[in-house]
Amino acid sequence: VEYLTWDINWAQNNVDDAPGGFNLLSRTRTTSSAALKLHERLIDMYPNFFPKPRDITIKVIDSESKNYSESVPEKQLVLRSSYFKKMLEGGWKENVTNEINLMMPKCENQQNVLDFLQYLKTGQVTVTGENVLFLYILSHQYDIQDLKVGCVKFIIDNLDVTTVIPLMETSG
């Protein structure tokens, strides 16, 4: 409590009068060097309240023993997937090792695996007739709802005689 009181007094004495400062009493937020210093001090004093961002290494092993690896911000994984959220916020070993090993279904086109990794990292992927089924299967497997919805929308929007047969061949 003594440290917290000191920090509030320090903030009032050093930040409130600074142009573009951070006023704790009115809760207005703008940037200034004093506000950034206060933020850094609070992070140093209370690290449990401000966890440092970390990258998670996604290692993919497909059925043909090809290995792929991508570094993905933890925040991206947790926001996109309840599966990854439980894994990284629970007592799983991946939370300690910062490494996730994913087994992929058989995939003849390595670009599909790279598309999935790109989506995990950036939240963006171009869904095509070639990767839609692969992405849908993985989005279902790893509970990535927005990707799954995007794949279903693509299939519905592009469903015709020429697209049904390749989908049936791939799924059978």
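Residues numbered from 1 in each chain as written. Predicted model: local features only at pLDDT ≥ 70, side-chain atom pairs only at ≥ 80, totals over all residues. Heavy atoms only, no water.

Could you give me a rundown of the overall build of the protein chain, with the residues and numbers involved?
Of regular secondary structure, the protein chain possesses nine helices and three strands. Ordered by position in the sequence, the α and β elements of the protein chain form the string α-α-β-β-α-α-α-β-α-α-α-α. In the protein chain, which comprises 172 residues, the share counted as buried stands at 28%. Contacts in the protein chain between residues far apart in sequence, at least 24 positions, make up 48% of those at least 6 positions apart. In the form shown here, the protein chain has an accessible surface area of approximately 11400 Å², with 55% of it arising from carbon and sulfur atoms. (Helix = DSSP H or I, 4+ residues; strand = E, 2+ residues; numbered from the N terminus. Buried < 20%, exposed > 50% of the residue type's maximum accessible area, 1.4 Å probe, protein only. Contact = heavy atoms within 4.5 Å. Areas by Shrake-Rupley, 256 points an atom, 1.4 Å probe, with all protein chains shown as cover.)

Mind laying out the confidence of the model for the protein chain, listing which residues take part and the relevant values?
Counting all residues, the mean pLDDT for the protein chain is 76, and 69% of those residues have values of 70 or more. Below pLDDT 50 for its whole length, residues 1-12 participates in 18 contacts with residues either more than four positions away or in separate chains. (pLDDT = per-residue confidence, 0-100.)

Residues and numbers for the pattern of salt bridges, please.
Evaluation of the coordinates by the stated rule reveals four salt bridges. The partner of Lys-121 in a salt bridge is Glu-70, with the nearest N and O atoms 3.0 Å apart. With a gap of 51 residues between them, Lys-121 in helix 6 (residues 110-122) and Glu-70 in strand 2 (residues 67-73) connect regions that are remote in the sequence. Glu-70 sits in the partly exposed class, given a relative accessible area of 25%. Here Lys-153 makes a salt bridge to Asp-157, at a shortest N to O gap of 2.7 Å. (Salt bridge = Lys/Arg side-chain N within 4 Å of Asp/Glu carboxyl O.)

Just give me the short version of the environment of Val-152, but keep the residues and values in it.
Its location among the elements puts Val-152 in helix 8 (residues 145-157). Residues Val-152 and Tyr-136 lie 16 residues apart in sequence; the distance between their C-alpha atoms is 7.6 Å.

Now, about helix 7 (residues 132-141): what can you tell me, with residues and values included?
The set of residues buried in helix 7 consists of Val-132, Leu-133, Phe-134, Leu-135, Leu-138 and Ser-139. Immediately beyond the C-terminal end of helix 7, within one or two residues, lies Asp-143, with a positive phi of roughly 50°.

Go over the sheet that holds strand 2 with me, naming the residues and quoting the values.
The three strands are arranged 2-1-3 in an open sheet whose pairing can be described as mixed. Two strands bound the open sheet, and with one partner strand each, they are strand 2 and strand 3 (99-103). On average, adjacent strands in this sheet sit at an angle of 25° to one another, irrespective of strand direction. Relative to strand 3, strand 1 (residues 55-61) runs parallel, the two being bridged by five bridges. Looking at the pairing, Val-60 lines up with Leu-102 of strand 3. The sheet contacts of helix 6 involve strand 1, strand 2 and strand 3, and relative to strand 2 the element is tilted by about 15°. (Pairing = 2+ DSSP bridges. Axes fitted to C-alpha atoms, helices over the stretch in contact; angles between N-to-C directions.)

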